[in-house]
Every structure is written in structure tokens, then in C-alpha cells.
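Close look at the chain arrangement
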Amino acid sequence: MMLIKQLRKLIEKILLFIVAKKKWEFPKKNKILIVDYAGSKKLSNCVLGHSNFTILHTRQELYYLPILLISLTKFFSHGFASYSVTFIRYVNPNVAITFIDNNIAFPKIMSNFINCKFVMIMNGRRHKTFLEEYKNLKKYKIDKYFVFGDDFRNEVKNKIPNTVVGGSIIANSLFNITRFDKIKKIQYVSLYYGENKKFWKKLRGFDNTFYQPTTKYTLEIIKEFCQQNSLALEIIPRTNLQSEEKYYAEMIDGFIYKKKPNNNDSMYHSYNQLSDDAFAVGCTSTFLMECFGVGYRTGFLTFRQHVIPKNHPENFRCVQWSWPKNTSDYGFFWSNIKEKKYIFNVLNNLLKVNESDWKKIVLPFKYGLMHYDPGNKIIKNYLKSIKIEVN
């Protein structure tokens, strides 16, 4: 069984290599290595303030052929990690930073490099299964792990002692403290998934269609509340796909769709759409957690995942909005229960609460879930302390 699994992995890598971009040159030697291209722009814009770094492409988008050829001689000692190990050895960085904190392969690879600091930055909401791969792992290296809030830090600190709370690097960079203007609209935060067939295969069928009845149920209740209180309803999309816009258009009417542009700034679109005369609601997502952390009036309607059967492999996604902190099934600004009266209570509370009361109500939860560190001073000061250029 193990042999078959390894052969499949080898075939997959060969197929990806065929379509990957290739360069007949060595990568640039650098003090800073960004592990994985996906987060490089966010790190450049929100933390480093420059692009003087080298990127290790971990999803096989790009191969440096001289590195690949050398790595073949190391395959029997490092296996499928031989390319990454050879790449890092050649670049010889002082620090390696990754925005992909849920891939155990990176801490394992970095255990080969004593003189290179390895920094992980929390990229999204995590689940109860996060630490399972660490339980029996004897050799791994994480010099600093910057996470969203106190509760998650306390959850992982035994296995990852160098865990520091820094909030969300994107929210810290883009958000400003909100004003408490009179509410004129509700902003629904979409949790639509992209059209990635490989991803859906991994999720075993839980696509947007599976969640549509629950999403429709929620939006119809929010729309009714808006009509009763003369409020506008806006939907902040997760992607710039036409299929997402169509998904909501076929579900309800009478809403404003804050269309996401198809350009280099699209990843920041949602952060620019939040209004001081609105409150945000949705299923638990990283973006909604960021809204809550910075002080926006925020409602968590976290019953969507509860339609997953208890015996299904994906049931681990059924966690409360506040995980790992335990709460009751409903409260002032949240409901884990799929009933109209509880949803209406949350919406009504957010509509009527004043600034002073809101700060008191959220205080027991705020720092546990998501800190707010304007300008990312915490992570920047750490990087400066290890002699890394930060502008």
C-alpha cells in the first residue's frame, strides 16, 4: 500500500513538472527566503515593505533546473523533499518565512538547517486536527510562529513553544479602527469556494451546492430583517469568479453585490468594502474573525458546517466560532443554532448596540480570537531583532 502511494505521488510530480515553468539558472542567494509563492505578495506588502527576497515555489509552479539536477543525487537521503533541501542550501538564507502554517512538510524540511531561522505566520482559521501531525513528530524546527489570538497560542504552545500572538498580518496592515456610525446596511461575508476540482475531491463532495440550502436559508432571514428595518443588504464576495455572483443571484434578489476586481489588488478588495455604517455577518471565516478583532460589529452564524454528517471524515470542520474557546450555542453576537429566532436576536443586537456596550460585550472573547496589531509592529520588531531588512 505504501509503495503504491509513493508511486502515485511520483507520477503526480512528474506530470506537474512537465507543465511547470523551468529556468536554466540558479536562484538568487539571499538573506530572506519566502517558502511558497502564494503568500509572497502579502508578506512583501504587509510586513517586509520590499521584494528583496528569494521564493521557493513549493507547488511545482517553477523549477530551477540546476537545483533539480543536484537534488537527484540527494533523493535517497531526503526523498521528495530533496529539491527543497537543495534549493535552501544553495540560497543560504538567514531566515525562511512561510505563510502556509498548516503544512507539516516545511517544519520537517527546516530541521536540516540549524543556522537559518524558520518563521511561520498563521494564514487562516484552524481546526481541532491541526496538532495531530505533530504528536509523533520528533524532528521539526519552528523558531517563531505568529498566530491570531491567545486561545490558539495556548492550544499549540506545548508542541510549538515559540508561538507568539501577532494577529492577522493583512488586517493589521489594511484595517483602521472603525467608527460607530448609525447602521444603514448589513454586509454578508461570503464563504464561497473556488472551482478547484482537486480541492473538491479532497473535501469529498462538500462543494457550494452542498451548502446552498443552508446559505439560502440564512440570507432569506437576513433579507427579511433588512426589509423590516429599512436596511440595505450587501454581499462581500470571496472570489472574483462569475460563478459566485451567479450563485447568489439564483438564491435571492434585492441585494448589492460588491464585485471583486480581476486585478493584482483583488486580494485586498474585501478589506476595502467594510463600512462604518454597517455590521458584518456570516459563517466563521478568517475575514470575519479579522473584522471582529479590529472592532467591527460582527455576527457569527456558525451552523453551516453542522449539516456535515457526524460520521463523515470532514466532520472535524464542525467547530464553534470561538474555537478553541468553548461557548454556549448562542450569545449576543453568535448562533450555532439554525433557527430564525436566534438569527434575528443576533441581528437585532448588532443593530441596536452602542459602542460602549459593544466593547464590554466582546472583551472576554476579543483577544482570545484575534489580536489587532496596527502596522504589524510585533512581527516587524522580531525580524529587525534578527537583522532582517524591514521597511
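So, a few notes on the structure that sits alongside this text. (Residues numbered from 1 in each chain as written. Predicted model: local features only at pLDDT ≥ 70, side-chain atom pairs only at ≥ 80, totals over all residues. Heavy atoms only, no water.)

Concerning the side chain of Ser111
Note that Ser111 resides in the loop between helix H6 (105-110) and strand S6 (117-121). Of the residues examined, Ser111 reaches a relative accessible area of 17% and is grouped as buried. Reaching out from Ser111, the side chain makes a polar contact with the backbone oxygen of Lys108 at a distance of 2.5 Å. For Ser111, the contacting residues outside a window of four places in its chain are Lys139, Tyr140 and Lys141. (Helix = DSSP H or I, 4+ residues; strand = E, 2+ residues; numbered from the N terminus. Buried < 20%, exposed > 50% of the residue type's maximum accessible area, 1.4 Å probe, protein only. Polar contact = N/O pair within 3.5 Å; in protein donor to acceptor, adjacent residues only side chain to side chain. Contact = heavy atoms within 4.5 Å.)

Some thoughts on the environment of Met289
Relative to the elements of secondary structure, Met289 occurs in helix H13 (residues 286-294). According to the relative accessible area criterion, Met289 is buried, its value standing at 5%. Residues Met289 and Lys366, 77 residues apart in the sequence, show an inter-C-alpha distance of 9.3 Å. Leaving out residues up to four positions away in the same chain, Met289 has contacts with Arg125, Phe148, Thr284, Phe300, Leu369 and Met370.

Some thoughts on the packing of aromatic side chains
For the coordinates displayed, the defined rule picks out 35 aromatic pairs. Both rings, one in Tyr271 and one in Phe287, keep their centres 5.2 Å apart while their planes meet at 85°; by these two values the pair is edge-to-face. Remark: Phe287 occurs in helix H13 and Tyr271 occurs in helix H12 (residues 269-273); sequence separation between them is 16 residues. The buried category is assigned to Tyr271, whose relative accessible area is 12%. Given the relative accessible area of 11%, Phe287 is considered buried. (Phe/Tyr/Trp six-rings, centres within 6.5 Å; stacked < 30°, edge-to-face > 60°.)

Describing unusual backbone geometry
Cis geometry is adopted by the peptide bond preceding Pro324, which originates at Trp323 and carries an omega value of 10°. For Pro324, the location among the structural elements is in the loop between strand S13 (298-301) and strand S14 (330-331). Its identity as a non-glycine residue notwithstanding, Asp36 has a phi of 95°, on the positive side. Take Asp36: it is sitting in the loop between strand S2 (32-35) and helix H2 (40-48). Phi at Ser230 is positive, roughly 55°, even though this residue is not glycine. Summarising the element assignment, Ser230 is placed in the loop between helix H10 (208-228) and strand S10 (232-236).

Examining the sheet that holds S14
In a beta sheet, neighbouring strands pair by backbone hydrogen bonds and run either parallel or antiparallel. Taken together, seven strands build an open sheet; the order of strands is S11-S10-S9-S12-S13-S15-S14 and the sheet is mixed. Looking at the sheet topology across the chains shown, the edges are occupied by strand S11 (256-257) and S14. Two strands pair when backbone bridges link them, and strand S9 (residues 185-189) and strand S12 (residues 278-282) are joined in this way by four bridges, in the parallel orientation. Residue pairing for S12: Gln187 is matched across the bridge by Ala280. (Pairing = 2+ DSSP bridges.)

Structural notes on the side chain of Thr327
Its location among the elements puts Thr327 in the loop between S13 and S14. With near-sequence residues (within four places) excluded, Thr327 lies in contact with Gln320, Trp321, Ser322, Trp334 and Phe365.

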